[in-house]
Amino acid sequence: MKLKTYSYKKVISTNKTAINKIKSGINKGIIVSDQQTNGRGSHGKKWISYKGNLFTTFFFNINKKKNVNEMLKFNCNIVKMTLRKFIKKKINIKYPNDLIINNEKICGILQEILRIKNMKYMIVGIGINIDQSPNFQNYKTTHVNQHLKNKISKKKVFNILKNIYEKKLKNL
């Protein structure tokens, strides 16, 4: 399934922008932004959006029978497959929505469901630390380039993520 990419310099949050696209009649696509002014994490937490990191949201309609937990595993595994293209260290999924390397968070996923009329939409916000990682007292973080000899760009990570999503959504 091909997904059109909508690119922005700055948004409030990529998930919020995706929701607005759905409400305007666009039923699938990808939001990507250089910056989020009010990024969200799970349980109402704020997502820290450092420049150089990847902030993106995939959105698409899904079968009403799809289970939310099944979709969360699907989405986490796609991001994990993407990161495995670059990082050879073990990547774990910390339930429900974080990707971890050496007990350090490298990625967070915010999955939301939106129902409009008779349609059900999956909104998958993905924040991947590419160049920088925020400092938190209660847990450690890392970034992709910290684990590589040759730095990669967020554009390269995004393109691989997009390709994997488009292939996997065909089988969904």
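Heads up: the structure comes first, above all this text.
Residues numbered from 1 in each chain as written. Predicted model: local features only at pLDDT ≥ 70, side-chain atom pairs only at ≥ 80, totals over all residues. Heavy atoms only, no water.

### A short note on the environment of K80
Move 1: Here K80 shows up in helix α2 (residues 68-84).
Move 2: K80 sits in the partly exposed class, given a relative accessible area of 26%.
Move 3: Between the C-alpha atom of K80 and that of I91, which follows or precedes it by 11 residues, the distance is 6.9 Å.
Move 4: Among the polar contacts listed, one links the side chain of K80 to the backbone oxygen of I91, at a separation of 3.1 Å. (Helix = DSSP H or I, 4+ residues; strand = E, 2+ residues; numbered from the N terminus. Buried < 20%, exposed > 50% of the residue type's maximum accessible area, 1.4 Å probe, protein only. Polar contact = N/O pair within 3.5 Å; in protein donor to acceptor, adjacent residues only side chain to side chain.)

### Some thoughts on unusual backbone geometry
Both trends apply: most residues other than glycine have a negative phi, and most peptide bonds are in trans.
Move 1: In the segment running from Y95 into P96, the intervening peptide bond is cis, with an omega of 5 degrees.
Move 2: One non-glycine residue, N102, lies in the positive phi region at around 50 degrees.
Move 3: The class of N102 is exposed, set by a relative accessible area of 51%.

### Considerations on the packing of aromatic side chains
Move 1: This model, assessed by the stated rule, comprises 2 aromatic pairs.
Move 2: Considering the side-chain rings of F58 and Y165, the 4.1 Å spacing of their centres and the 15 degrees angle between planes classify their relative orientation as stacked. Of this pair, F58 sits in strand β3 (residues 54-62) while Y165 is found in helix α3 (residues 154-169), placing the two residues 107 residues apart along the sequence. Taken as a pair, F58 and Y165 share a single burial class, namely buried.
Move 3: Here the aromatic rings of F74 and Y165 are separated by 6.4 Å at their centres, their planes lie at 80 degrees, and the arrangement is edge-to-face. Of this pair, F74 sits in helix α2 while Y165 sits in helix α3, and the two are 91 residues apart along the sequence. (Phe/Tyr/Trp six-rings, centres within 6.5 Å; stacked < 30°, edge-to-face > 60°.)

### Section: the environment of T37
Move 1: Positionally, T37 belongs in the loop between β2 (29-36) and β3.
Move 2: Along the sequence, T37 and T56 sit 19 residues apart, while their C-alpha atoms lie 13 Å from each other.

### Quick word on the nonpolar core
Within soluble globular proteins, side chains that are nonpolar tend to cluster in buried spots.
Move 1: F60, V79, L99, I126, I128, V144 and Y165 are the most contacted members of the largest nonpolar core, which has 36 residues in total.
Move 2: For this core, the elements supplying multiple residues, two or more each, are β2, β3, α2, β5 (98-101), β6 (104-116), β7 (119-128) and α3.
Move 3: With 7 residues, α2 is the single largest residue contributor to this core.
Move 4: Other than its neighbours up to four places away in sequence, I128 contacts N53, L54, V79, L83, I106, C107, V144 and V157.
Move 5: Of all hydrophobic cores here, the second largest spans 9 residues; its members include A18, I31, F59 and I123. (Core = buried A, V, L, I, M, F, W, Y, C linked by side-chain atoms within 4.5 Å. Contact = heavy atoms within 4.5 Å.)

### As for the pattern of salt bridges
Move 1: For the coordinates displayed, the defined rule picks out 5 salt bridges.
Move 2: As a salt-bridge pair, K105 and D98 come within 3.1 Å of each other at their nearest N and O atoms.
Move 3: We classify D98 as buried; its relative accessible area is 12%.
Move 4: Among the salt bridges present, the one from K162 reaches E166, with a minimum N-O distance of 2.9 Å. Here K162 pairs with E166, and both are found in helix α3, just 4 residues apart, close to one helical turn.
Move 5: Note on K162: relative accessible area 16%, which makes it buried. (Salt bridge = Lys/Arg side-chain N within 4 Å of Asp/Glu carboxyl O.)

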